[in-house]
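# Reading the structure
The lines below spell out each chain.
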Amino acid sequence: MQHAVGAPLPPPHGPGHGSAGWAHGARHPGPPPSAPPAPGATGHVPLAPGGPVPMTGPPPSPPTGPPPSPPTGPPPGAPAPASGPAATPPSGPVPVPAPAPASGPAAAPGETIGAGTGTGAATLAVLLIGPAGAGKTTVARHWATSRPVPTAHISLDDVREWVCSGFADPQSGWTDNSEAQYRLARRTCGFAARNFLANGISCILDDAVFPDRPVVGLGGWKRHVGPGLLPVVLLPGLDIVLERNAERAGNRRLSDEEVAGIHGRMAGWYGSGLPIIDNSTYDVETTARALDDVLARAIASPPSW
């Protein structure tokens with residue numbers, strides 16, 4: 001559930017400046033070598049200034065045997081070839097690869113989706129929006145698990161609860177600490193999503209984003225993840241979210257008044273242009289299939305959200 005005001009990520013760090021290479025000075029030619037003495041010559045041979053002592057007698061025999069093999073491997077000073085895992089992406093948005101157009105007819109939300117439709121093997125970044133009790137986390141996990149290609153599920157509430165000692169629960173009162181932890185969780189989710197996308201793994205995130213706070217909500221998520229993020233709203237009826245909320249326990253369960261207030265604010269997504277799925281009468285599998293179809297239509301006809 002979203003309460004906090006999101007904050008944009010720090011400006012992307014530019015690529016690191018590599019260490020400067022070693023400067024090699026030019027070789028300075030020494031004085032010309034002196035001529036070897038004539039055969040049989042004796043006596044004192046003057047030294048060439050700054051040069052080697054000339055040899056007397058016959059010159060040494062040339063070396064025998066095959067010539068030495070040329071050195072192998074990179075020349076001295078060359079960087080070693082890269083190895084190990086892929087480098088961590090920069091702290092800015094990672095462009096989502098353009099997915100291939102979906103094939104097959106597109107069904108409207110609520111219709112039965114037949115085999116052969118859907119997002120297929122497209123690499124996607126999805127944000128599933130909805131009030132508490134809409135089933136965002138359950139549907140997102142089911143959709144990610146059912147895809148035929150690697151797909152990660154990133155839940156904002158799960159990331160928030162990584163903080164054990166010192167967890168700031170907004171239900172105990174909204175404070176600067178709880179707001180800061182929400183902002184930190186969003187940035188952490190965005191960083192994880194960029195990492196997955198940079199390695200060819202799709203991801204779906206879920207959060208309760210309010211339409212009346214676009215800059216810190218949907219706009220903030222697009223800054224964290226990237227402009228290719230595809231938002232979809234999951235909005236069942238109020239009676240459904242109240243019923244599902246009553247089945248929750250711990251800090252995931254809200255008061256009926258708070259659930260009703262959140263649900264009422266979510267109604268502002270109607271008329272926004274974002275796709276809305278009313279899953280009041282759907283089970284998890286049907287909702288996940290409806291989500292996949294909505295995303296397939298977004299691939300075939302990119303929206304201007």
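On to the overall build of the protein chain, then. Along its length, the protein chain carries seven helices and five strands. Moving toward the C terminus, one meets the helices and strands of the protein chain in the order β-α-β-α-α-β-α-β-α-α-β-α. In the protein chain, which comprises 305 residues, the share counted as buried stands at 36%. Taking contacts inside the protein chain between residues at least 6 apart in sequence as the whole, the part at least 24 apart equals 79%. As displayed, the protein chain offers around 17,600 Å² of accessible surface, 61% of which is attributable to carbon and sulfur atoms.

Right, let's get into the packing of helix H1 (residues 136-146) against helix H7 (residues 284-300). At a minimum axis separation of 9 Å, H1 and H7 run at an interaxial angle of 70 degrees. Viewed along their axes, H1 and H7 adopt a mutual orientation that is roughly perpendicular. The handedness of the crossing between H1 and H7 is right-handed. Here Thr138, Val139, His142 and Trp143 of H1 come into contact with H7, specifically with Val284, Glu285, Thr287, Ala288, Leu291, Asp292 and Leu295.

This brings us to the sheet that holds strand E2 (residues 151-155). Strand order in the open sheet formed by five strands is E2-E3-E1-E4-E5, and the pairing between neighbours is parallel. Each having just a single partner strand, E2 and strand E5 (276-277) make up the two edges of the open sheet. As judged from the four bridges shared by strand E1 (residues 125-129) and strand E4 (residues 230-234), these two strands associate in the parallel manner. Counted as the bridge partner of Val126 is Leu230 from E4. Across the sheet, H1 lies against E1, E2, strand E3 (202-207) and E4, angled at about 165 degrees from E2, the strand it touches most.

Basis of the calculations
- Residues numbered from 1 in each chain as written.
- Predicted model: local features only at pLDDT ≥ 70, side-chain atom pairs only at ≥ 80, totals over all residues.
- Heavy atoms only, no water.
- Helix = DSSP H or I, 4+ residues; strand = E, 2+ residues; numbered from the N terminus.
- Buried < 20%, exposed > 50% of the residue type's maximum accessible area, 1.4 Å probe, protein only.
- Contact = heavy atoms within 4.5 Å.
- Areas by Shrake-Rupley, 256 points an atom, 1.4 Å probe, with all protein chains shown as cover.
- Axes fitted to C-alpha atoms, helices over the stretch in contact; angles between N-to-C directions.
- Parallel < 35°, antiparallel > 145°, perpendicular 65-115°, else oblique.
- Left-handed = near helix turned anticlockwise from the far one by under 90°.
- Pairing = 2+ DSSP bridges.

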